[in-house]
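Descriptive structure summary
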Amino acid sequence: MAIQKIRKNSVPDPRLRFDPQSLGLKQFSREFFLLDTTHIARAIIGAWFCRRRDNQWYGARIVETEAYLGSTDAAAHSFRGRRTPRVEPMYMEGGHLYVFFVYGMHCCANMVTKPAGIAEAVLLRAAEGPETAPVKLLSGPGKLCAALGINVAHSGLDLLADADVRLFQSRVEDAKIGISKRIGVDYAGDAAAWPLRFFDMDSDAVSGPLKLRTPK
DNA sequence: CACATGATCGCCT
DNA sequence: GGCGATCATGTGG
């Protein structure tokens, strides 16, 4: 049925066809992914998250992210150094992908950051497809994965070694980036209020309640 | 728009 | 056994 399709889907929505190479976009370097996690979360707003399947490229422009700060962040899966098979990719060197399954039906994708051994990451919360795609198609972490066909089988992939999943540079003016607390982590005590969510204030694809969409 | 709820299941205690 | 780094739908203002 439809729901099962969403969970196991690895096929990108055809409306996301997009060739990053033809536009001359450049990939982020390994060094970039080793920088400060919060900086990276802000810096990849506007970047193109791309994937190749059957020799066809697909992609979407990131408009919303959240930073997860590892062992000291109660909202992070790696809080207090928790190290289980699921979370293991978070401990890899920056530039790897960490994908997890939640609520029995959705996947969420993260860019792992910092040197190996430090389990921090940036959650991709929303993106905009090319003109041909509906504005809300990737509005939310689960929808973003569903539309691009990203699932747990992609967890642990190296964006700088695996030719089929990549992140390309493209920036949004700092003045147009909004900041707020993170969504869906109210159980995390003090960490729930940390200002670690970043979004493109001009985008209609940003997810979450309207009241978190204004502040800066 | 805000808020509530059900769906659905792998992960961790 | 309980509970999510969610989403779609339904209700009421």
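Residues numbered from 1 in each chain as written. Chains lettered and ligands numbered in written order. Predicted model: local features only at pLDDT ≥ 70, side-chain atom pairs only at ≥ 80, totals over all residues. Heavy atoms only, no water.

Quick look at the overall build of chain A
Scanning chain A for helices and strands turns up four helices and eight strands. Ordered by position in the sequence, the α and β elements of chain A form the string α-α-α-β-β-β-β-β-α-β-β-β. Here the C-alpha radius of gyration of chain A, 16 Å, is about what a compact globule of 216 residues would show, namely 17 Å. Taking all 216 residues of chain A together, 52% fall into the buried category. Carbon and sulfur atoms provide 55% of the accessible area of chain A, an area that totals close to 10000 Å². In chain A, which carries 29 positive and 23 negative side-chain charges, the distance between the mean positions of the two groups comes to 5 Å. (Helix = DSSP H or I, 4+ residues; strand = E, 2+ residues; numbered from the N terminus. Rg over C-alpha atoms; globule rule 2.2 N^0.38 Å. Buried < 20%, exposed > 50% of the residue type's maximum accessible area, 1.4 Å probe, protein only. Areas by Shrake-Rupley, 256 points an atom, 1.4 Å probe, with all protein chains shown as cover. Lys, Arg positive; Asp, Glu negative; His and termini not counted. Charge placed at Lys NZ, Arg CZ, Asp CG, Glu CD.)

Observations regarding the pairing of strand 5 (residues 120-128)
Burial runs high along strand 5: eight of the nine residues are buried. Sheet topology note: the strand 2 (residues 56-68)/strand 5 ladder contains seven bridges and is antiparallel. In the sheet register, Glu66 faces strand 5, and the bridge partner there is Leu123. Count of turn residues in the strand 4 (residues 106-113)/strand 5 antiparallel hairpin: six residues, of which Lys114 carries a positive phi of about 70°. (Pairing = 2+ DSSP bridges.)

Let's talk about the protein's contact with DNA strand C
Close to DNA strand C lie 19 residues, the nearest being His77, Tyr103, Asn110, Gly142 and Tyr187. Of all DNA strand C atoms lying within 4 Å of any protein atom, the proportion belonging to sugar or phosphate reaches 50%. The separation between a base nitrogen of DNA strand C and a polar main-chain atom of Tyr103 is 3.5 Å. When the residues that make up the surface near DNA strand C are grouped by side-chain class, the tally is ten nonpolar, seven polar and two charged. (Near = heavy atom within 4 Å. Polar contact = N/O pair within 3.5 Å; in protein donor to acceptor, adjacent residues only side chain to side chain. Nonpolar A, V, L, I, M, F, W, Y, C, P; charged D, E, K, R; others polar.)

A look at unusual backbone geometry
Unlike most non-glycine residues, Asp54 shows phi in positive territory, near 50°. Its place among the elements puts Asp54 in the loop between strand 1 (48-53) and strand 2. Positive phi, normally seen in glycine, also occurs at Arg80, with a value near 60°. With respect to the element layout, Arg80 can be found in the loop between strand 2 and strand 3 (97-102). Residue Arg80 is classed as exposed on the basis of its relative accessible area of 69%.

Looking at the confidence of the model for chain A
Averaged over every residue, the pLDDT of chain A is 94; residues scoring 70 or more account for 96%. Confidence drops under pLDDT 50 across residues 1-5; counting only partners more than four residues distant or on other chains, this segment forms zero contacts. (pLDDT = per-residue confidence, 0-100. Contact = heavy atoms within 4.5 Å.)

A closer look at the environment of Ala163
Here Ala163 lies in the loop between helix 4 (141-148) and strand 6 (165-168). A sequence separation of 112 residues divides Ala163 from Arg51, and the C-alpha atoms of the two residues are 8.5 Å apart. Discounting chain neighbours no more than four positions away, the residues touching Ala163 are Arg52 and Trp57.

Some details on the pattern of salt bridges
Under the counting rule described, the total for this entry stands at 16 salt bridges. The salt bridge involving Arg171 is made with Asp174; its shortest N-O contact spans 3.7 Å. Assessed through its relative accessible area of 54%, Arg171 is described here as exposed. For the salt bridge of Asp202 with Lys176, the shortest nitrogen-to-oxygen distance reads 3.3 Å. Here Asp202 is found in the segment after strand 8 (197-200), whereas its partner Lys176 is found in the loop between strand 6 and strand 7 (177-180), with 26 residues between them in sequence. For Asp202, a relative accessible area of 51% corresponds to the exposed category. A network of salt bridges, in which partner residues are shared, links Glu64, Glu66, Arg125 and Arg197. (Salt bridge = Lys/Arg side-chain N within 4 Å of Asp/Glu carboxyl O.)

Let's talk about helix 4
By the criterion of burial, helix 4 is predominantly enclosed, with six of the eight residues buried. For helix 4, the complete set of buried residues consists of Pro141, Gly142, Leu144, Cys145, Ala147 and Leu148. As for helix 4, its buried residues are in contact with strand 1, strand 2, strand 4 and strand 5.

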